[in-house]
Amino acid sequence: MSDSYVNLVNSGFTKTLAKRLGLPRPAHLRRHRQGEPLVPGPVLVVSDAASGDAADAVAQRLLDWDLDVRRHADPAERHGAVVVVLTEVSAPADLGAPMLEVGSVLRGLRPGGRVVIVSRAPEDAGSTATAAARQGIDGMMRSLAKELRGGATGNQVVLTGTTAPTAPSALGALRFLLSARSAFVDGQPLRVADGGAEPADWERPLAGQVAVVTGAARGIGAAIARTLARDGATLVVVDVPAAGDALAQVANEVRGSALQLDVTADDAADRLVEHVRSRHGRLDLLVHNAGILRDKLLANMKPATWDPVIAVNVTAPLTITEKVLAAGAFGDAPRVVCLASTSGIAGNRGQTNYGASKAGVIGMVRASAADLAAAGGTINAVAPGFIETDMTSRIPFATREVARRLNSLQQGGRPIDVAEAIAFLASPQAGGVNGQVLRVCGQNLVGA
Amino acid sequence: MAESRSTSTSTSKARSPKATPTPTTDGTPRRAVVVGGNRIPFARAGGPYVRASNQDMLTAALDGLVARFGLAGERIGSVAGGAVLKHSKDFNLTREAVLGSALSPETPAYDVQMACATGMEAIVGLSNKIRLGQLESGIAGGVDSTSDAPIVVSDALRTILLDLSRAKTAQQKLAAVARIRPNHLAPSAPTTGEPRTGLSMGEHQALTTAAFGISREAQDELAMASHHNLAAAYDAGFFDDLLTPYRKLTRDQNLRPDTSAEKLAKLKPVFGTQLETPATMTAGNSTPLSDGASTVLLASDEWAAERGLPVLATVVDAEAGATDFVHGRDGLLMAGAHAVPRLLARNGLTLQDFDFYEIHEAFASTVLCNLAIWESEEYCRERLGLDGALGPIDRSKLNVHGSSLAAGHPFAATGGRIVASLAKMLAEKGPGSRGLISVCAAGGQAVVAILEAA
Amino acid sequence: MTAARPEPVVVALAGVPSLGGLYARGVAGSVRPGRSRTVRSDDLPRTRLHVGGVSPDPAHLTDYQRLVGETGSDVLPAGFVHVLAFPVATALMVRGEFPLPLLGMVHLANHVEQRRPLTVTDELDIEVHAEGLAAHRSGVSVDLVATVRADDDVAWVGRSTYLAKGYQLSDGDAADDDRPRESPDAPTAPPTADAPLAPTARWRLAADTGRRYAAVSGDQNPIHTNPLAAKAFGFPRAIAHGMYTAARALAEVGPRARGEAFTWDVTFAKPVLLPSTVDVRIADDGAGHAFRVWSSRSGRTHLEGAVRPLP
């Protein structure tokens, strides 16, 4: 599970050696710890000329968060983050000035620093030139992310419709991407609409929420449960009866309750609804994390390797979400988060079944966004890239070494990174994010 | 946690069953309810739990229960439990298990010991405390390991070692050590033999079996039903919320879903082989030595309602019994048959007034002898002092989800297994349904109890 | 026969003699050259050995109770009183005037009347005499009778019948009876003497059973403790003390069932070779509790007897 290479190239003699040899030197990523500053240094807010007012408004909100905000680039300063407000660009030529200003401070960006661009969706543009400019930002951001080192990331908040850069959902997304919670999210555009609400306490945004996490006995599911609990949620953790002992440990650790349930069983949704209703009255957050792999080349595929993957990974989330909605068991602002995969986006040899299921999840998320919105909620997916888990630790060494370095951060992510993204999507401030797939992959080359 | 409580109370009240005030004002005790249970799968001796201690297994069973009902960090009124085979270091077994569990360390605990009825006695004791208003919640537990059974040194060596510890001078110490002989070093393991008779439980039951003329076929048939019923219950997911896997075991290891009359008929008798009548008791219709643990969550209605927890059944009443097996008067394992009429009389019930009968299958013939006693006009009159036979029971209501022959029998854990399963069966059957439990125990004892759907 | 006997001579001993010394004398006496193998019925000494102020040792009592399976009560088990009186009886048998040899004596039967309970705090007066020299088909038998008083009141009387093999009674009846095989008030024998009977208990008697009882009772007779010595007396292995098996049967009946005052009879039919496993049956026969101990393997009876309440 551990990536000893990251330790080697960051300490002692082996660090020097790696430097001399010019070996890739993945950084220790900055991860969330309660009480630590949101960003590791002053925040520079940059904008194009037309977006000045928007940038001022954003800067004001950053000040409200007690951040040290700068409005003018000083190449001598070591910044913790750069926020680039480009909401009002109207032509590709508008990008040059602000981006060159950003470039002037990049060498001084602190380890674990952030560059977050706030822009608008190309399809909402009033003119072709604006659309071109807005789409240009996407390619620019992805390239910038690949240039950053030292665990720094570059991402983009894409406002849809008339969403103001200071809307709670826009600020929520910005804050997430600035924070250590987004350690393994890199090179990603996150589309945000109006909606959402600022939490009463940014450290416990999920306080009072009842969360169900399937597949929670170990790995990413257990990390999700712990993270949601850390953020204040009351947990019901679900896993198959056979994983009950590990599930019990997780339930007790997060002071939640365990429900031994096969999500593919006919009565799974009924038992789930009965459990949350009797114990907590309702359900606020539903995380469909349960998933299985049965890798085989399609030429060798059998029903025994195909059917369960589809049943667990996509049919169960579909059915359970529908039934919980129909039963009216959700609270006022439900959040559903599914686990997709980069394999569902880019495909993977030997994973026709898995790819179908995970791409199916993406389709489901997009298609049911309207239903959830009607219920006052959202549904989104997180697509993890290479994550260091029990599952990936069984990949042969050489394959694993290649797979984990194939991204801009040159390392595998951790279960907590996926969990943080899910906790964000489950939070009140993410109310404007709906029907989206957020990749947690360190900007993996696969399917990028 | 505080947040979740506040959100849960309002909604859970709607489904709260008729709650009596605490303490009751009319002098009648309030109800003690079974909220649910949890056990680990039972393993065969020397199986997957071979290195697990009683404390390990009891803690695992407790943690699973705590997880099922979201009780992490909660202070439970009392935890009562025990083991039949116990190390001297486990003098405070249950409390130690609590300290190692996810429960609040402020949860008190005490050990109970009534041989194979330990689990039942713990449940009855806690229920009574809840009924009296002394407790709002309690967890009854039981555990046994025949794989990690205590081995003691021989009596001779023990005496010498105790003398040694009391010796003051070097000379006295040397003198004590000098008394040790090689044959003293052979350890003595516990047996299932009755201390007073030296007969094993199986040998005792073989005498009773012969006395009642229980046939091999009838015993095998009961054993087969136990396996088939337990397997069906597993397949139906009945145990999904009664059991938490442990050490990679997800089902009772002794379960043989594919056992058949033919397979059982092939087994050689192991008990009663020295008797005049043909021996009938085999490894197939006798319970194997097992390892495992079980727990049951008991509470007042109010306590359960406050937490939105289910209420499966009430513990209505219980009775203990014992027989004079030392003088050969009664069978060692027949005390349940003796205690049931007293329990029925006190509750104004007949033997036929039940939807389920859970008679612990120490041996298939134990169950059949119990039934034979109740059906015997002569025995009921002469030995039980009744007006006549209690009569037969509807056999389709007996051990419907299997019992110890299939599941195994880690002595002190059996009561918890039965009570949790029966409580769930009663909840599924619905209001007004009623179950009778009888668990026999070493020393010629038994505890019998009545549960009703809550 | 007894009417003709002269008045007894009471010999007071200073204390309970040590069995070790007695055995040395007994062995010496038994191999006394030129000892006559023919005895007359009036050859028995008139001596009554008396020891007063015997105070039971609590630790000794505990060891005994634990060994034979008695509860750890302050009441002396009837078999424990026998153990206290046994050295006195032995002292009588090793006296030069005693006509039979100590070595090789076989215990045929034992009859005890426990008239009232004795406790560990009682001071006991023990008096032993011999009587009833009688012909037996394989020798001559004799009864050693011990009377135990506390506060001048007879509380316990024990009669042990021993056989000296190969001896003859010159003036007795023909040795055709085996009188001691059953005491007058012994229980009716089980219906089928050697047929399988449902046991109520099973004893697994280890090889060291004889040595362990010897350590507690002081009866170091080598046929119980040493397989070689047992062979010398015609047994393939060491044999269990009869009084050990009888005491276990008494314990098995238990304090409640036997009551405060009772008789305890036992007849030893066949020695229990060590180690071995024996089946035991204790049963209420209406008049009290009968017991029988037989070989689990062969079904042959080792001992049988009864415990019956005294009015």
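Structure: see above.
Conventions and cut-offs
- Residues numbered from 1 in each chain as written.
- Chains lettered and ligands numbered in written order.
- Predicted model: local features only at pLDDT ≥ 70, side-chain atom pairs only at ≥ 80, totals over all residues.
- Heavy atoms only, no water.
- Contact = heavy atoms within 4.5 Å.
- Buried area = accessible area lost by both parts, 1.4 Å probe.
- Salt bridge = Lys/Arg side-chain N within 4 Å of Asp/Glu carboxyl O.
- Polar contact = N/O pair within 3.5 Å; in protein donor to acceptor, adjacent residues only side chain to side chain.
- Helix = DSSP H or I, 4+ residues; strand = E, 2+ residues; numbered from the N terminus.
- Nonpolar A, V, L, I, M, F, W, Y, C, P; charged D, E, K, R; others polar.
- Phe/Tyr/Trp six-rings, centres within 6.5 Å; stacked < 30°, edge-to-face > 60°.
- Patch = residues over 30% accessible without salt bridge, like charges linked within 9 Å, V, L, I, M, F, W, Y side chains within 5 Å.
- Areas by Shrake-Rupley, 256 points an atom, 1.4 Å probe, with all protein chains shown as cover.
- Expected span 1.5 Å × (residues − 1).
- Bend = angle between axes of the 7 residues up to and from the residue.
- Buried < 20%, exposed > 50% of the residue type's maximum accessible area, 1.4 Å probe, protein only.
- Axes fitted to C-alpha atoms, helices over the stretch in contact; angles between N-to-C directions.
- Parallel < 35°, antiparallel > 145°, perpendicular 65-115°, else oblique.
- Pairing = 2+ DSSP bridges.
- Left-handed = near helix turned anticlockwise from the far one by under 90°.

Undergrad: Account for the interface of chain C and chain B, with residues named and values stated.
TA: Contacts between the two partners involve 21 residues from chain C, matched on the other side by 17 residues from chain B. When chain C packs against chain B, the two sides together hide about 1400 Å² of surface, and 43% of this comes from carbon and sulfur. Counting across the chain C and chain B interface gives three salt bridges. Between the two partners, chain C and chain B, sit five residue pairs in polar contact (both at pLDDT 80 or more). Elements that contribute at least two residues to the side of chain C that touches chain B include exactly β9 (201-205), α7 (242-258) and β11 (276-284) of chain C. The class makeup of the residues in the side of chain C that touches chain B is nine nonpolar, four polar and eight charged.

Undergrad: Can you lay out the environment of S341 of chain A for me, pointing to particular residues and giving the numbers?
TA: Residues and elements named next belong to chain A. You can see S341 is positioned in the loop between β11 (330-339) and α11 (342-346). Sequence separation between S341 and A370 is 29 residues, and the spatial gap between their C-alpha atoms is 22 Å. In this structure S341 touches Y354, K358, V382, A383 and P384, once residues within four positions along its chain are discounted.

Undergrad: Tell me about the packing of aromatic side chains, residues and numbers included.
TA: Residues and elements named next belong to chain B. In total, this model carries ten aromatic pairs over all chains according to the counting rule given. Aromatic side chains F212 and Y379 sit 5.9 Å apart centroid to centroid with 45° between the ring planes, which places their arrangement in the tilted category. Note that F212 is positioned in helix α7 (residues 201-212) and Y379 in helix α13 (residues 377-382), a separation of 167 residues in sequence. Here a set of aromatic residues connected by ring pairs shows up, and it is made of Y234, F238 and F239.

Undergrad: Please give an account of a nonpolar patch on the surface that cites residues and values.
TA: Taken together, the side chains of F13, L17, L21 and L23 of chain A define a hydrophobic patch exposed on the protein surface, amounting to about 420 Å² of accessible area. Along the chain, L17 of chain A falls in helix α2 (residues 12-21).

Undergrad: So what about the interface of chain A and chain B? Which residues, and what values?
TA: How large an interface is tends to be reported as the accessible area lost when its parts come together. Counting from both sides, the interface comprises 26 residues of chain A and, opposite them, 30 residues of chain B. Carbon and sulfur atoms make up 51% of the area that chain A and chain B hide from each other, which totals about 2000 Å². D240 of chain B is the salt-bridge partner of R271 of chain A, the closest N and O atoms lying 3.8 Å from each other. Applying the counting rule to chain A against chain B returns seven residue pairs in polar contact (both at pLDDT 80 or more). Among the elements of the structure, α8 (244-253), β9 (257-260) and α9 (268-280) of chain A are those that each provide at least two residues to the side of chain A that touches chain B. Looking at the side of chain A that touches chain B residue by residue, the classes come out as seven nonpolar, twelve polar and seven charged.

Undergrad: Describe in detail α7 of chain C, supporting the description with residues and values.
TA: Residue and element names in this part refer to chain C. Counted at 1.5 Å a residue, the expected span for α7 with its 17 residues is 24 Å, but the 20 Å between its end C-alpha atoms falls short. Bending of α7 peaks at approximately 45° at the position of E252, with proline P255 no more than four residues after it. Of all 17 residues that make up α7, 13 are buried, and the element is covered over most of its length. G259 lies just past α7 and shows a positive phi near 80°.

Undergrad: Talk me through the packing of helix α10 (residues 303-327) of chain A against helix α12 (residues 352-374) of chain A; I want residue IDs and the actual numbers.
TA: Residues and elements named next belong to chain A. Their axes nearest at 8 Å, the elements α10 and α12 cross at an angle of 10°. By the angle between their directions, the pair α10 and α12 is classed as roughly parallel. For the pair formed by α10 and α12, the contact residues are T305, W306, V309, I310, N313, V314, P317, L318, T321 and L325 on the first element and T352, N353, Y354, A356, S357, K358, G360, V361, M364, D371 and L372 on the second. Of the residues assigned to the contact of α10 with α12, the class counts are twelve nonpolar, seven polar and two charged.

Undergrad: Before we move on, could you go through unusual backbone geometry and cite the residues and values that matter?
TA: Omega for the peptide link from L274 of chain C to P275 of chain C comes to -5°, which places this bond in the cis form. Mapped onto the elements of the fold, P275 of chain C is located in the loop between β10 (262-268) and β11. Its identity is not glycine, yet Q410 of chain A carries a phi of approximately 55°, on the positive side. Turning to its location among the elements, Q410 of chain A is positioned in the loop between α13 (397-405) and α14 (415-425). We classify Q410 of chain A as buried; its relative accessible area is 17%. The phi torsion at R247 of chain B lies on the positive side, around 50°, for a residue other than glycine. Counting through the fold element by element, R247 of chain B comes out in the loop between α8 (216-235) and α9 (261-265).

Undergrad: Help me get a handle on the arrangement of the chains, residues and values and all.
TA: Ranking the two pairs of chains in contact by contact count places chains A and B at the top. A gap remains between chain A and chain C, which never touch, and the nearest two C-alpha atoms on either side lie 44 Å apart.

Undergrad: Lay out the sheet that holds strand β13 (residues 437-440) of chain A in plain terms, naming residues and giving numbers.
TA: All names here are of chain A. Spatially, the seven strands line up as an open sheet ordered β9-β8-β7-β10-β11-β12-β13, and their pairing is parallel. The open sheet has two edge strands, β9 and β13, and neither has a second partner. The sheet shows a mean angle of 20° between the axes of neighbouring strands, taken without regard to direction. As defined by bridge partners, strand β12 (residues 378-384) adjoins β13 across four bridges and the pair is classed as parallel. For V382, the partnering residue across the bridge sits in β13 and is L438. Against the sheet, α8 contacts β8 (234-239) and β9, and its axis sits at roughly 160° relative to β9. Across the sheet, α12 touches β11, β12 and β13, and the angle it forms with β12 is around 160°.

Undergrad: Got a sec to walk through the packing of α8 of chain A against helix α2 (residues 54-68) of chain B? Specific residues and values, please.
TA: Running from amino to carboxyl end, α8 of chain A crosses α2 of chain B at an angle of 60°, the nearest separation of the two axes being 8 Å. The angle between α8 of chain A and α2 of chain B falls in the class oblique. The interaxial crossing formed by α8 of chain A with α2 of chain B has left-handed handedness. On the side of α8 of chain A, the interface is formed by A248, Q249, A251 and N252 of chain A, while α2 of chain B contributes D63, G64, V66 and A67 of chain B.

Undergrad: Run through the sheet that holds strand β2 (residues 69-70) of chain A, naming residues and quoting values.
TA: Residues and elements named next belong to chain A. Spatial ordering of the open sheet is given by β2-β1-β3-β4-β5-β6, a layout of six strands whose pairing is parallel. Each having just a single partner strand, β2 and β6 (189-192) make up the two edges of the open sheet. By the bridge criterion, four bridges tie strand β5 (residues 153-159) to β6 in an arrangement that is parallel. From the neighbouring strand, Q156 faces β6, where its bridge partner is P189.

Undergrad: Outline the pattern of salt bridges, supporting the account with residue identities and numerical values.
TA: Summed over the entire model, instances satisfying the criterion amount to 51 salt bridges over all chains. Across the salt bridge formed by E203 of chain B and R202 of chain C, the nearest N and O atoms sit 2.5 Å from each other. Of this pair, E203 of chain B sits in helix α7 while R202 of chain C is found in strand β9, placing the two residues in two different chains. If you follow the salt bridges from partner to partner, you end up with R181, R230, D231 and E420 of chain A in one network.

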